[in-house]
Amino acid sequence: MTWTIRRRFERSGLAAIEAGEGAQIVLLHGVGLRAEAWNRQIDALSGQYHVIALDMPGHGGSAVRQNMTGVSDYGDAVLAAFEGPALIVGHSMGAMIALDLAARAPQRVQGVVALNAIFERSSAAAEAVQNRAAELDGVTVADPTGALDRWFGPEMSDDREACRDWLCSVTPSGYKAAYTVFAHDPGPRRAALSALECPALFLTGALEPNSTPAMSEAMAALTPKGRAMIVPDAAHMMPMTHPEEVNRALLEFATEVLS
């Protein structure tokens, strides 16, 4: 697939790709990426729904914002960018934001899907990601090779090269702010998961070393209307690498919560 840049619309200071009509589905990407990371999901979902894929602050077409120091700051930016209830779908840090919204604004969230979400990292994993965050200076573009190797392995692919382009074009200060939040937040709290009112779907890849299957299964077990799905042979970037499985799960879940 050619990862072409799509037209943007402005939504309360955030840039957004929009497609389709009907009930709303809001898509939230991960650190260093942009709304085009959801290209295959936009195409699959927009035949039945109004899809809004947002660029997070400091990413894609969205300007850097000051004082973005916690997941809830990103969540507030998202809340201002859509009207009415919606299905919120997030990947990686976007999943953290989606779960934060489901906990803090239940009247705005009809359902939540968390793809490749972290939950209670081990001390070693937390130290590793926090060390990577500390190396960012917010001025120069970070070498994307380490992230790409973690996400895709060493093999070259169109997906990997698209992510390289996005990581190299993100605003360094916006990337540092988002990555620092991602590195220091442990993920959704147990009490928040236990209190979630909406249906929740937790997806990750069987080969995911960081946002592990055990994490998704634990979050689903804590959530009253939660369930987990593990995609075989997939790792961190499964919305791009395993779109058929991801799209099928999203369409089935959307039919359930938006009907």
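Residues numbered from 1 in each chain as written. Predicted model: local features only at pLDDT ≥ 70, side-chain atom pairs only at ≥ 80, totals over all residues. Heavy atoms only, no water.

Q: Hey, could you run me through the pattern of salt bridges in this one?
A: One side chain can pair with another of opposite charge once the charged atoms of both are near each other. Taken as a whole and judged by the stated rule, the model has 14 salt bridges. One salt bridge in this structure joins R160 and D149, with 3.0 Å as the shortest N-O distance. You can see R160 sitting in helix α6 (residues 158-169) and its partner D149 sitting in helix α5 (residues 145-152), a full eleven residues away along the chain. With a shortest N-O distance of 2.8 Å, E256 and R227 are connected by a salt bridge. Of this pair, E256 sits in helix α11 (residues 243-258) while R227 sits in strand β8 (residues 226-231), and the two are 29 residues apart along the sequence. According to the relative accessible area criterion, R227 is partly exposed, its value standing at 34%. (Salt bridge = Lys/Arg side-chain N within 4 Å of Asp/Glu carboxyl O. Helix = DSSP H or I, 4+ residues; strand = E, 2+ residues; numbered from the N terminus. Buried < 20%, exposed > 50% of the residue type's maximum accessible area, 1.4 Å probe, protein only.)

Q: Honestly, the packing of helix α4 (residues 123-134) against helix α7 (residues 172-184) in this entry has me stumped. Any pointers?
A: Each pair of packed helices gets described by two things: the angle between the helix axes and the distance between those axes. Following both chains from N to C, one finds α4 and α7 inclined at 160 degrees, their axes separated by 9 Å at the closest point. Taken together, the axes of α4 and α7 lie roughly antiparallel to each other. The way α4 lies across α7 gives a crossing that is left-handed. Two secondary-structure elements touch here, α4 through V129, Q130, R132 and A133 and α7 through K176, Y179, T180, F182, A183 and H184. (Axes fitted to C-alpha atoms, helices over the stretch in contact; angles between N-to-C directions. Parallel < 35°, antiparallel > 145°, perpendicular 65-115°, else oblique. Left-handed = near helix turned anticlockwise from the far one by under 90°. Contact = heavy atoms within 4.5 Å.)

Q: For this particular structure, what's the right way to read the packing of aromatic side chains?
A: To describe a pair of aromatic rings, one takes the distance between the centres and the angle between the planes. Enumeration according to the criterion identifies two aromatic pairs in this entry. Centre to centre, the rings of Y175 and Y179 are 5.7 Å apart; their planes meet at 35 degrees, and the pair counts as tilted. Residue Y175 and its partner Y179 are both found in helix α7; the two are separated by four residues, about one turn of the helix. Across the pair, exposure class does not vary: Y175 and Y179 are buried alike. Pairwise contacts between aromatic rings join Y175, Y179 and F182 into one cluster. Seen from the ring of F82, R108 lies directly overhead, with NZ or CZ sitting 4.5 Å from the centre. The ring of F182 has R121 lying over it, and the distance from NZ or CZ to the ring centre is 4.7 Å. (Phe/Tyr/Trp six-rings, centres within 6.5 Å; stacked < 30°, edge-to-face > 60°. Lys NZ or Arg CZ within 6 Å of the ring centre and 35° of its normal.)

Q: Explain the side chain of E208 to me, please; I cannot follow it from the model alone.
A: Its location among the elements puts E208 in the loop between β7 (200-205) and α9 (213-222). One buried charged residue, E208, remains without a salt bridge, the closest side chain of opposite sign being R150 at 8.3 Å. Polar contacts involving the side chain of E208 include one to the side chain of N116, which spans 3.0 Å. Not counting the four nearest positions on each side in its chain, E208 is found in contact with N116, P213, A234, A235 and H236. (Lys, Arg positive; Asp, Glu negative; His and termini not counted. Polar contact = N/O pair within 3.5 Å; in protein donor to acceptor, adjacent residues only side chain to side chain.)

Q: Explanation requested: the sheet that holds strand β3 (residues 24-28) in the structure shown.
A: Backbone hydrogen bonds hold the strands of a sheet together, and the pairing may be parallel or antiparallel. With respect to topology, eight strands assemble into an open sheet ordered β1-β2-β4-β3-β5-β6-β7-β8, the strand pairing being mixed. Each edge of the sheet is formed by a strand with only one pairing partner; in this case those strands are β1 (9-11) and β8. Between one strand and the next, the sheet's axes are offset by a mean angle of 25 degrees, whatever the strand orientation. For β3 and strand β5 (residues 86-91), the ladder comprises five bridges, and the chain directions are parallel. Bridge pairing in β5 places Q24 opposite A86. The sheet strands contacting α11 are β3, β5, β6 (109-115), β7 and β8, and the helix crosses β6 at an angle near 160 degrees. (Pairing = 2+ DSSP bridges.)

Q: I tried to follow α4 on my own but got confused; where do I start?
A: Structural remark: α-helix, 3.6 residues per turn; residues separated by three or four positions point the same way. The end-to-end C-alpha separation of α4 is 16 Å, in line with the 16 Å expected for twelve residues at 1.5 Å each. Regarding α4, the residues found buried are A126, V129 and A133. The arc that holds the buried residues of α4, viewed along the axis, is 75 degrees, so those residues lie on one side. Facing away from the buried surface of α4 by more than 90 degrees, the exposed residues are S123, A124, E127 and A134. (Expected span 1.5 Å × (residues − 1). Arc of directions from axis to C-beta.)

Q: Sorry if this is basic, but what is going on with the pairing of β8 here?
A: Moving residue by residue along a regular strand, the side chains alternate between the two faces of the sheet. Judged from the six bridges that link them, β7 and β8 form a sheet pairing that is parallel. Note that in β8 the partner of A200 across the bridge is G226. With α9 bridging β7 and its parallel neighbour β8, the resulting β-α-β unit is right-handed. (Right-handed = clockwise from strand over helix to strand, strands pointing away.)

Purely geometric numbers; function is a separate question.
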